[in-house]
Amino acid sequence: MTQEEFKEQGWTVGMKVQILSGCWEGNTFDVVSVDFDQFLIGVYAWSEEEISWFRCENCKIVEQ
């Protein structure tokens, strides 16, 4: 997703993103937070105690 798409996206509870690169490539996670200043999407990749952050360019929304 581009930064422009990120800014225009209506972020809601229940959204899911697929990671497009790195060691999590192909995995889908629930969105738990977003950082509008840095264009980051936060998910619980390792555990539900710590948020893992991914650049929006490395994510694709698969469910809204």
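Cut-offs applied
Residues numbered from 1 in each chain as written. Predicted model: local features only at pLDDT ≥ 70, side-chain atom pairs only at ≥ 80, totals over all residues. Heavy atoms only, no water. Pairing = 2+ DSSP bridges. Helix = DSSP H or I, 4+ residues; strand = E, 2+ residues; numbered from the N terminus. Axes fitted to C-alpha atoms, helices over the stretch in contact; angles between N-to-C directions.

Novice: Got a minute to help me understand the pairing of strand β2 (residues 28-35) in this structure?
Specialist: Moving residue by residue along a regular strand, the side chains alternate between the two faces of the sheet. Here strand β1 (residues 16-19) pairs with β2 via three bridges, running antiparallel. Across the sheet, Q18 pairs through a bridge with T28, a residue of β2. Connecting the antiparallel pair β2 and strand β3 (residues 40-47) is a turn made up of four residues, with F39 showing a positive phi of about 60°.

Novice: Just checking my understanding: could you explain the sheet that holds β3 for this structure?
Specialist: Each strand in a sheet pairs with its neighbour through backbone hydrogen bonds, running either in the same direction (parallel) or in the opposite one (antiparallel). Spatially, five strands are ordered β4-β3-β2-β1-β5 in an open sheet, and the strand pairing comes out antiparallel. Looking at the sheet topology across the chains shown, the edges are occupied by β4 (50-55) and β5 (59-63). Neighbour to neighbour, the strand axes of the sheet diverge by 55° on average, direction disregarded.

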